[in-house]
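Here's the letter readout for the chains.
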Amino acid sequence: ATKLSAEAQLKAIEAEESGKPELAGRYRGAAAKFEEAVALHMQALQAEAQGKTNQGIVLNNAGYATKLSAEAQLKAIEAEESGKPELAGRYRGTAAKFEEAVALYMQALQAEAQGKTNQGIALNNVGYATRSSAEVQLKAIEAEEIGKPELAGRYRGVAAKFEEALALRMQELQAKAQGKTKQGIVLNNAGYPTRSSAEAQLKAIEVEESGKPELAGRYRGAAAKFEEAVALYMQALQAEAQGKTQQGILLGNAGYATRSSAGAQLKAAEAYKNGKLAIARSYEGVAKIYQEAAKLSNTATLLGNTIDSQNLSNRASAIMRIADDQLAELERS
């Protein structure tokens with residue numbers, strides 16, 4: 001970032017010498033933003049040296065988002081100078097989104113300093129979703145510029161998914177601030193697979209572009225499974241709001257089992273990507289066990305508050321434990 005700041009300052013001098021004071025000012029603004037990034041990274045190093053690990057992580061996140069904002073501002077300047085005002089506007093919009101992420105990271109830092117650890121974690125997650133959305137929007141712009149509108153559309157779809165994760169995180173914070181703890185927990189649960197779905201979709205695009213359609217399909221399968229988990233969590237939220245507590249719990253259990261199945265599918269895809277076929281198949285086996293637990297929990301919700309429902313729920317829990325043990329064993333190997 002220090003080098004990039006110096007380069008931007010040099011361009012500011014050149015613009016000033018060419019009689020373009022407004023352009024020079026914009027370059028100086030980008031240079032100042034790079035300097036902010038450097039300062040935040042230095043603060044992160046200092047915090048980590050003092051054993052303030054969480055603070056260091058958040059400061060580092062803020063520094064990275066600030067750097068990305070500065071880079072987007074530079075691209076906006078270059079596009080404007082090339083006679084592409086619409087493109088410049090899109091880059092400026094992305095820079096603004098990165099700035100939103102920085103503001104959220106700083107709020108997370110403040111919450112952490114006030115001892116509000118959970119709020120700090122939630123705000124950091126919101127910042128991550130905001131930054132991720134901006135990064136993927138940037139990829140969409142670049143794909144559009146090299147004549148790949150279909151690819152750009154897929155990136156925009158992923159960015160929209162990160163925006164969904166962001167919205168759920170914001171709803172979570174609002175619910176918890178209003179003392180609606182259970183609602184906040186379910187929204188938090190829904191936020192994780194939404195983000196994971198976006199990440200899996202992004203990986204699918206990347207491997208598709210590198211000529212691996214079968215692997216891309218595996219990532220898309222994991223993304224779809226994460227979406228199933230989100231739907232179940234949202235049904236749990238609705239049931240809870242209607243006073244159907246037991247149904248909400250069972251739907252939440254089904255959501256958790258489905259999310260776990262999706263997570264195992266994602267690990268299988270990563271193993272296939274790295275050529276570890278036996279491990280990949282083992283993860284797929286675990287994913288199927290989690291899915292069996294999800295189906296049982298789902299069926300239990302249809303039986304109401306009955307003995308049969310409770311029996312199915314207990315069976316689902318037992319199967320979940322088997323899957324958890326197998327997953328833990330895989331992680332250790």
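These remarks concern the structure in this document. Please read these numbers as outputs of a predicted model, since none were measured by experiment. (Residues numbered from 1 in each chain as written. Predicted model: local features only at pLDDT ≥ 70, side-chain atom pairs only at ≥ 80, totals over all residues. Heavy atoms only, no water.)

1. Topic: the overall build of the protein chain
Phase 1 of the analysis: Scanning the protein chain for helices and strands turns up 11 helices and zero strands.
Phase 2 of the analysis: Listing each helix as α and each strand as β along the protein chain from the N terminus yields α-α-α-α-α-α-α-α-α-α-α.
Phase 3 of the analysis: Each of the three principal axes of the protein chain carries a C-alpha extent, and together these read 80 × 50 × 40 Å.
Phase 4 of the analysis: Taking all 333 residues of the protein chain together, the buried fraction comes to 44%.
Phase 5 of the analysis: Sequence-distant contacts, at least 24 apart, represent 65% of the contacts inside the protein chain between residues at least 6 apart.
Phase 6 of the analysis: Carbon and sulfur atoms make up 52% of the accessible area of the protein chain, which amounts to about 16,400 Å² in all.
Phase 7 of the analysis: Averaging the locations of the 41 positively and 40 negatively charged side chains of the protein chain gives two centres separated by 5 Å. (Helix = DSSP H or I, 4+ residues; strand = E, 2+ residues; numbered from the N terminus. Buried < 20%, exposed > 50% of the residue type's maximum accessible area, 1.4 Å probe, protein only. Contact = heavy atoms within 4.5 Å. Areas by Shrake-Rupley, 256 points an atom, 1.4 Å probe, with all protein chains shown as cover. Lys, Arg positive; Asp, Glu negative; His and termini not counted. Charge placed at Lys NZ, Arg CZ, Asp CG, Glu CD.)

2. Considerations on the layout of surface pockets
Phase 1 of the analysis: Here the largest pocket defines a volume of roughly 230 Å³.
Phase 2 of the analysis: Together, Lys-182, Ile-185, Val-186, Asn-189, Tyr-233, Ala-236, Glu-240, Thr-245, Gly-248, Ile-249, Gly-252 and Asn-253 line the largest pocket.
Phase 3 of the analysis: Per-element tally for the lining of the largest pocket: the top contributor is helix H9 (residues 245–273), with five residues.
Phase 4 of the analysis: Among the residues forming the lining of the largest pocket, the class breakdown is five nonpolar, five polar and two charged.
Phase 5 of the analysis: In this structure, the second largest pocket occupies an estimated 160 Å³ of space.
Phase 6 of the analysis: Listing elements by their share of the lining of the second largest pocket, those giving two or more residues are H9 and helix H11 (307–332).
Phase 7 of the analysis: The dominant element in the lining of the second largest pocket, judged by the number of residues it contributes, is H9, at six residues.
Phase 8 of the analysis: Considered class by class, the residues forming the lining of the second largest pocket number five nonpolar, two polar and three charged. (1 Å grid on protein atoms, 1.4 Å probe; cavity = no way out; pocket = protein on both sides within 12 Å on 5 of 7 lines; lining within 4 Å. Points joined across faces, edges and corners; volume = space filled by probe spheres on them. Nonpolar A, V, L, I, M, F, W, Y, C, P; charged D, E, K, R; others polar.)

3. Topic: empty space enclosed by the protein
Phase 1 of the analysis: All told, the structure shown has one cavity of 30 Å³ or more when counted by the stated rule.
Phase 2 of the analysis: Each pocket or cavity is described by its volume, and for the largest cavity that value is around 40 Å³.
Phase 3 of the analysis: Along the walls of the largest cavity sit Gln-246, Leu-250, Gly-304, Asn-305, Thr-306, Ser-309, Gln-310 and Ser-313, which together make up its complete lining.
Phase 4 of the analysis: Mapped onto the lining of the largest cavity, the elements with two or more residues apiece are H9 and H11.
Phase 5 of the analysis: The element contributing the most residues to the lining of the largest cavity is H11, with three residues.
Phase 6 of the analysis: Counted by class, the lining of the largest cavity contains one nonpolar, seven polar and no charged residues.

4. Things to note about helix H6 (residues 149–177)
Phase 1 of the analysis: For H6, built from 29 residues, the straight-helix expectation of 42 Å at 1.5 Å per residue is met to within 8% by its first-to-last C-alpha distance of 42 Å.
Phase 2 of the analysis: Remark: Gly-179 follows H6 within two positions and exhibits a positive phi of approximately 80 degrees. (Expected span 1.5 Å × (residues − 1).)

5. Description of the nonpolar core
Phase 1 of the analysis: Core analysis: the largest hydrophobic core is formed by 21 residues, its most contacted members being Val-58, Leu-59, Ala-65, Tyr-105, Leu-123, Val-126 and Leu-173.
Phase 2 of the analysis: Secondary-structure elements contributing two or more residues to this core are helix H2 (21–49), helix H3 (53–81), helix H4 (85–113), helix H5 (117–145) and H6.
Phase 3 of the analysis: When sequence neighbours within four positions are dropped, the list of residues in contact with Tyr-105 reads Val-58, Asn-61, Ala-62, Ala-65, Asn-124, Gly-127, Tyr-128 and Arg-131.
Phase 4 of the analysis: If you look at the next biggest cluster of nonpolar residues, it comprises 19 residues, including Ala-287, Ile-289, Ala-293 and Ala-300. (Core = buried A, V, L, I, M, F, W, Y, C linked by side-chain atoms within 4.5 Å.)

6. Quick notes on the side chain of Arg-169
Phase 1 of the analysis: Here Arg-169 is to be found in helix H6.
Phase 2 of the analysis: Within polar-contact distance, the side chain of Arg-169 engages the side chain of Asn-188 at 2.5 Å.
Phase 3 of the analysis: Setting aside anything within four residues of it in sequence, one finds Arg-169 in contact with Asn-125, Val-126, Asn-188, Gly-191 and Tyr-192. (Polar contact = N/O pair within 3.5 Å; in protein donor to acceptor, adjacent residues only side chain to side chain.)

7. Digging into the pattern of salt bridges
Phase 1 of the analysis: Considering all chains together, one arrives at 27 salt bridges under this definition.
Phase 2 of the analysis: Between Lys-33 and Glu-99 there is a salt bridge whose closest N-O contact spans 3.3 Å. Here Glu-99 lies in helix H4 and Lys-33 lies in helix H2, a separation of 66 residues in the sequence.
Phase 3 of the analysis: Classification of Glu-99 by relative accessible area gives partly exposed; the value is 26%.
Phase 4 of the analysis: Close ionic contact of Glu-80 with Arg-92 constitutes a salt bridge, the shortest N to O distance being 3.0 Å. Of this pair, Glu-80 sits in helix H3 while Arg-92 sits in helix H4, placing them 12 residues apart in sequence. (Salt bridge = Lys/Arg side-chain N within 4 Å of Asp/Glu carboxyl O.)

Nothing here speaks to function; it is all geometry.
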